[in-house]
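Inside the fold
The residues making up each chain are set out below.
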Amino acid sequence: AQTVTQSQPEMSVQEAETVTLSCTYDTSESDYYLFWYKQPPSRQMILVIRQEAYKQQNATENRFSVNFQKAAKSFSLKISDSQLGDAAMYFCAYRFYQGGKLIFGQGTELSVKP
Amino acid sequence: EPEVTQTPSHQVTQMGQEVILRCVPISNHLYFYWYRQILGQKVEFLVSFYNNEISEKSEIFDDQFSVERPDGSNFTLKIRSTKLEDSAMYFCASSEATSGSSLDEQYFGPGTRLTVT
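1. Some details on the overall build of chain B
Across its full length, chain B holds zero helices and eleven strands. Secondary structure elements in chain B, listed N-terminal to C-terminal, are β-β-β-β-β-β-β-β-β-β-β. For 117 residues, the compact-globule estimate of 2.2 N^0.38 gives 13 Å, and the C-alpha radius of gyration of chain B, at 14 Å, lies within 12% of that figure. Each of the 117 residues in chain B was classed as buried or not, and the buried ones make up 47%. Once local pairs closer than 6 in sequence are excluded, the contacts in chain B between residues at least 24 apart make up 55%. When the accessible area of chain B is evaluated, it comes to approximately 5900 Å², of which 45% is carbon and sulfur surface. Where the 9 positive side-chain charges of chain B centre and where its 16 negative ones centre are 7 Å apart.

2. Concerning the overall build of chain A
Scanning chain A from terminus to terminus reveals zero helices and twelve strands. Walking chain A from its N terminus toward its C terminus, one meets helices and strands in the order β-β-β-β-β-β-β-β-β-β-β-β. Since a compact globule built from 114 residues should have a radius of gyration of about 13 Å, the 13 Å found for chain A is in line with a globular shape. Across its three principal directions, the C-alpha atoms of chain A cover 40 × 25 × 20 Å. Here chain A, with 114 residues, has 49% of them falling under the buried criterion. At a minimum sequence separation of 6, the contacts of chain A that also span at least 24 residues come to 56%. Within the structure as shown, chain A displays about 5500 Å² of accessible surface, and the carbon and sulfur contribution to it stands at 46%. Here chain A holds 11 positive side-chain charges and 11 negative ones, and the gap between their average locations is 5 Å.

3. Let's talk about the pattern of salt bridges
All names here are of chain A. Under the definition given, this model contains six salt bridges over all chains. Of the charged contacts in the structure, one is a salt bridge between aspartate 86 and arginine 63, with a shortest N-O distance of 2.8 Å. Separated by 23 residues along the polypeptide, aspartate 86 in the loop between strand E9 (74–79) and strand E10 (88–96) and arginine 63 in the loop between strand E7 (60–61) and strand E8 (64–69) bring together distant segments of the chain. When its relative accessible area of 3% is taken as the criterion, aspartate 86 is described as buried. Residues joined by salt bridges that share partners form a network here, namely Arg50, Glu52 and Lys55.

4. Some remarks on the layout of surface pockets
Regions of empty space are outlined by a rolling probe, equal in size to a water molecule, passed over the atoms. Roughly 350 Å³ of volume is contained in the largest pocket. Contributing to the lining of the largest pocket are 15 residues, with A:Lys101, A:Ile103, B:Lys42, B:Glu44 and B:Phe45 lying nearest its centre. With three residues, the top contributor of residues to the lining of the largest pocket is strand E5 (residues 43–50) of chain B. Across the lining of the largest pocket, the residue classes break down as eight nonpolar, three polar and four charged. When residues of the lining of the second largest pocket are traced back to their parent elements, those giving at least two are strand E6 (46–52) of chain A together with strand E10 (107–108) of chain B. Considering only residue class, the lining of the second largest pocket consists of nine nonpolar, two polar and three charged.

5. Concerning the interface of chain A and chain B
Reports of interface size often rely on the accessible area that becomes lost once the parts have come together. Of the residues lining the interface, 20 residues belong to chain A; the matching set on chain B comes to 23 residues. Of the roughly 1800 Å² buried where chain A meets chain B, counting both sides, 48% is carbon and sulfur surface. Contact with chain B buries area across many residues of chain A, yet A:Arg43, A:Lys101 and A:Phe104 alone supply 33% of it, more than any other trio. Applying the counting criterion to the chain A and chain B interface returns one salt bridge. For the pair chain A and chain B, the number of links is seven residue pairs in polar contact (both at pLDDT 80 or more).

6. Description of the sheet that holds strand E7 (residues 65–68) of chain B
All names here are of chain B. The strand order across the open sheet formed by four strands is E1-E3-E8-E7, and the pairing between neighbours is antiparallel. Whereas interior strands pair on both sides, the edge strands pair on one side only; in this sheet they are strand E1 (5–7) and E7. Here the strands of the sheet are splayed against their neighbours by 20 degrees on average, with no regard to which way each runs. Relative to strand E3 (residues 19–24), E1 is paired through three bridges, and the arrangement is antiparallel. Opposite threonine 5, over in E3, you have valine 24 as the bridge partner.

Rules behind the numbers
- Residues numbered from 1 in each chain as written.
- Chains lettered and ligands numbered in written order.
- Predicted model: local features only at pLDDT ≥ 70, side-chain atom pairs only at ≥ 80, totals over all residues.
- Heavy atoms only, no water.
- Helix = DSSP H or I, 4+ residues; strand = E, 2+ residues; numbered from the N terminus.
- Rg over C-alpha atoms; globule rule 2.2 N^0.38 Å.
- Buried < 20%, exposed > 50% of the residue type's maximum accessible area, 1.4 Å probe, protein only.
- Contact = heavy atoms within 4.5 Å.
- Areas by Shrake-Rupley, 256 points an atom, 1.4 Å probe, with all protein chains shown as cover.
- Lys, Arg positive; Asp, Glu negative; His and termini not counted.
- Charge placed at Lys NZ, Arg CZ, Asp CG, Glu CD.
- Salt bridge = Lys/Arg side-chain N within 4 Å of Asp/Glu carboxyl O.
- 1 Å grid on protein atoms, 1.4 Å probe; cavity = no way out; pocket = protein on both sides within 12 Å on 5 of 7 lines; lining within 4 Å.
- Points joined across faces, edges and corners; volume = space filled by probe spheres on them.
- Nonpolar A, V, L, I, M, F, W, Y, C, P; charged D, E, K, R; others polar.
- Buried area = accessible area lost by both parts, 1.4 Å probe.
- Polar contact = N/O pair within 3.5 Å; in protein donor to acceptor, adjacent residues only side chain to side chain.
- Pairing = 2+ DSSP bridges.
- Axes fitted to C-alpha atoms, helices over the stretch in contact; angles between N-to-C directions.

Next up, the structure:
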């Protein structure tokens, strides 16, 4: 069975600094997707970034980028130039290529200090 | 921009009562999902639904749960006899496809907070 692990329950970053959130996963599949979701206090789930496992190039979305290490089954999220609005719970998620369900990690609560 | 909506935003019910949580997926989406998040815990998959059938369900989704698409727009989750441990945030999501490009992105609704007393 696939599992997703986020070992950092809480992280803190100074405004304008860079922070990296860690995620590891376990799967026997070779084709899959990985995601980072943001959940602000409103509890709405917002997709931040996605990575296709077959792509070697790391995905980037403006200030958000990932470090995808397929062999190590590691998928970290880097937030550059952190802003107060980035404060939220961040969930790493896995999805099999052909399947629909998302498998989430436990989440990392990110706080941003002004 | 199209969005998934859910009603009610907060539901309080007594143990043993039936509840129906409602979702309106994005209109051209074909795949529908329910997830739940117990306070302070991770988001867990409950069930996926396509072509008026359950595609996949988790072990959480036992006989107390059912899903239905009663018309062309609504997607509902029914809990027949609620338990205290059913208290959670329930998220509905929908996608246009399940694989390929960005069509498989799951759009989440704002959630329904269910409190069982």
